[in-house]
Amino acid sequence: MFNPDGLPVWADRHRLDTDIAAHDHDFFEIALVTQGHALHIAADGDHPIQPGSAVVIPPNQWHAYGQCENLVVFDTFIAPELIDSTLSFLDTELPLMQTVHTSSLPLPQRIQLPPYDLSLAIAELHSISDVTHARRSRIQVVGHLLIYLDILNRSWSAERSIHRRPTALLHPAVSRAAQLMEDEPVRAWTLAELAAATATERTHLVRLFQRNLGVSPIAYLNRLREQAAARLLVQTDLPIAQIGARVGWDDPGYFGRRFKTAYGLSPSAYRTRALAGENRYHSSAEPRLPVSGARFETRDDS
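Residues numbered from 1 in each chain as written. Predicted model: local features only at pLDDT ≥ 70, side-chain atom pairs only at ≥ 80, totals over all residues. Heavy atoms only, no water.

K.L.:
Mind laying out the overall build of the chain, listing which residues take part and the relevant values?
P.N.:
When its secondary structure is counted, the chain shows 12 helices and seven strands. Across the 302 residues that make up the chain, the buried fraction comes to 49%. A separation threshold of at least 6 residues defines the contact pool for the chain, and within that pool the share at least 24 residues apart is 73%. Summed over all atoms, the accessible surface of the chain reaches about 14,200 Å², with 53% contributed by carbon and sulfur. (Helix = DSSP H or I, 4+ residues; strand = E, 2+ residues; numbered from the N terminus. Buried < 20%, exposed > 50% of the residue type's maximum accessible area, 1.4 Å probe, protein only. Contact = heavy atoms within 4.5 Å. Areas by Shrake-Rupley, 256 points an atom, 1.4 Å probe, with all protein chains shown as cover.)

K.L.:
Quick rundown of the packing of aromatic side chains? Include the residues and the values.
P.N.:
Aromatic ring pairs are defined here through the distance separating the ring centres and the angle between the ring planes. Per the stated rule, a full pass over the model turns up five aromatic pairs. Taken together through their ring pairs, the aromatic side chains of Trp249, Tyr254, Phe255 and Phe259 make up a single cluster. Over the ring of Trp189 we find Arg187, and its NZ or CZ is 3.9 Å from the ring centre. (Phe/Tyr/Trp six-rings, centres within 6.5 Å; stacked < 30°, edge-to-face > 60°. Lys NZ or Arg CZ within 6 Å of the ring centre and 35° of its normal.)

K.L.:
Residue-level account of the confidence of the model for the chain, with values.
P.N.:
Put simply, the chain has an average pLDDT of 81, and 82% of its residues get 70 or more. Highest mean pLDDT in the chain belongs to helix 7 (residues 191-197) (95); lowest belongs to helix 12 (residues 267-276) (76). Throughout residues 277-302 the model reports pLDDT below 50, and contacts reaching past four residues in sequence, or to other chains, amount to 86 contacts. (pLDDT = per-residue confidence, 0-100.)

K.L.:
Tell me about the nonpolar core, and name the residues and values.
P.N.:
Leu32, Ile78, Ile111, Leu113, Leu145 and Leu152 are the most contacted members of the largest nonpolar core, which totals 32 residues. Among the elements of the structure, strand 1 (9-16), strand 3 (28-42), strand 5 (53-57), strand 6 (63-78), helix 1 (80-84), helix 3 (95-102), helix 4 (115-129) and helix 5 (138-163) are those that each provide at least two residues to this core. With 22 residues, the next largest nonpolar core counts Trp62, Val234, Leu265 and Tyr270 among its residues. (Core = buried A, V, L, I, M, F, W, Y, C linked by side-chain atoms within 4.5 Å.)

K.L.:
Lay out the pairing of strand 4 (residues 45-49) in plain terms, naming residues and giving numbers.
P.N.:
Remember that side chains alternate between the two faces of the sheet whenever the strand is regular. The pairing of strand 3 with strand 4 spans five bridges and is classified as antiparallel. Residue pairing for strand 4: Ile41 is matched across the bridge by Asp46. (Pairing = 2+ DSSP bridges.)

K.L.:
Describe unusual backbone geometry, and please don't skip the residues or the numbers.
P.N.:
Look at Asn70: it is not a glycine, yet its phi comes out positive at around 55 degrees. Within the fold, Asn70 resides in strand 6. Although it is not a glycine, Ala199 sits at a positive phi angle of roughly 55 degrees. As for its position among the elements, Ala199 is in the loop between helix 7 and helix 8 (202-213).

K.L.:
Which residues make up the environment of Asp75, and what values go with them?
P.N.:
Locating Asp75 in the fold gives a position in strand 6. Note on Asp75: relative accessible area 8%, which makes it buried. On a C-alpha basis, the gap between Asp75 and His14 in space is 7.5 Å, while along the polypeptide they are 61 residues apart. Not counting chain neighbours up to four residues away, the residues in contact with Asp75 comprise Trp10, Ala11, Asp12, His14, Glu29, Ile30 and Ala31.

K.L.:
Kindly report on the pattern of salt bridges, identifying the contributing residues and their values.
P.N.:
According to the stated counting rule, one finds six salt bridges in the structure shown. The closest approach of N and O atoms between Glu184 and Arg187, which form a salt bridge, is 3.6 Å. According to the relative accessible area criterion, Glu184 is partly exposed, its value standing at 39%. Of the residues examined, Arg187 reaches a relative accessible area of 34% and is grouped as partly exposed. (Salt bridge = Lys/Arg side-chain N within 4 Å of Asp/Glu carboxyl O.)

K.L.:
With reference to specific residues and values, describe helix 9 (residues 217-235).
P.N.:
Between the first and last C-alpha of helix 9 there are 27 Å, a value that for 19 residues agrees with the 27 Å anticipated at 1.5 Å per step. Counting buried residues along helix 9, 15 of its 19 residues qualify, which places the element largely inside the surrounding structure. (Expected span 1.5 Å × (residues − 1).)

K.L.:
An account of the environment of Lys260 is needed here, citing residue identities and associated values.
P.N.:
Looking at the element boundaries, Lys260 is found in helix 11 (residues 252-263). Taking the C-alpha atoms as reference points, Lys260 and Glu226, 34 residues apart in sequence, are found 9.6 Å from one another.

K.L.:
Could you give me a rundown of the side chain of Glu182, with the residues and numbers involved?
P.N.:
Within the secondary structure layout, Glu182 lies in helix 6 (residues 172-183). Judged by relative accessible area, which is 3%, Glu182 ranks as buried. In this structure the side chain of Glu182 is engaged in a polar contact, spanning 2.5 Å, whose partner is the side chain of Tyr220. (Polar contact = N/O pair within 3.5 Å; in protein donor to acceptor, adjacent residues only side chain to side chain.)

K.L.:
Before we move on, can you summarise the packing of helix 6 against helix 9 with the specific residues and values?
P.N.:
Two elements in contact, helix 6 and helix 9, have axes separated by 10 Å at closest approach and are oriented at 35 degrees. Our pair here, helix 6 against helix 9, has a crossing hand that is right-handed. Counting all contacts with helix 6, which are made through Ala178, Met181 and Glu182, the residues of helix 9 involved are Pro217, Tyr220, Leu221 and Leu224. In terms of residue class, the contact of helix 6 with helix 9 is built from six nonpolar, no polar and one charged. (Axes fitted to C-alpha atoms, helices over the stretch in contact; angles between N-to-C directions. Left-handed = near helix turned anticlockwise from the far one by under 90°. Nonpolar A, V, L, I, M, F, W, Y, C, P; charged D, E, K, R; others polar.)

Encoded structure:
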């Protein structure tokens, strides 16, 4: 458990005076900026953050901070089992939570709170983080969390209605093919296999992927592997060639070329910069794709 008293929710405020290298967690994280400026870095790119910026990060999705200037972040950590069980109704009540919890293609969700809502949110976070024994009951903590999530959802929904067109559901064939590749990303999938598994014709499946996700099925598979390799470079001490083989590219030279094309850096340079906390991990022209729950092993083979 990630909090001192065993309750499935914790909130704490942090001052970030230096950049924070790429990392991930097995719980939901909500980062609310109360002071300063920085870049929040994730698979969907580098995004400026300022007071009132909130980022909802799904479990197991890496992120980082760069160019931190007097940055203060009020973090909330939520155990997945709380969302899966006690608060399962949130998927119906709050579109924000449905997006980060049930989507097969989860991305961090970004929100800019107006000053009044920011003050309301901070008050709820102070209540969640109050360590006074009488105030840290499960009912009260969950109650404050629900109010906080409702505040975030209100601004998130308003921003989407103004700046974004409604997001269409994925075509069933796209969803099925994406899930197959996420379940077995090391497999050398072919268009013929994916088309047969989704009862579609190959060229039609490519058109559906392009329409729904902006890339072909094989490009989607390659991106899954590239993202997994990036995570393994940061989170493990595995040799680079072994990481390439683990994500499905046995030829170290080919792995290096694919990785550099995607991220603008060689695997070794990416690892060095990420671990040092430097803040530019992507080529500026590199297209952004969702991070999925693709299943790559991270344990040592020895």
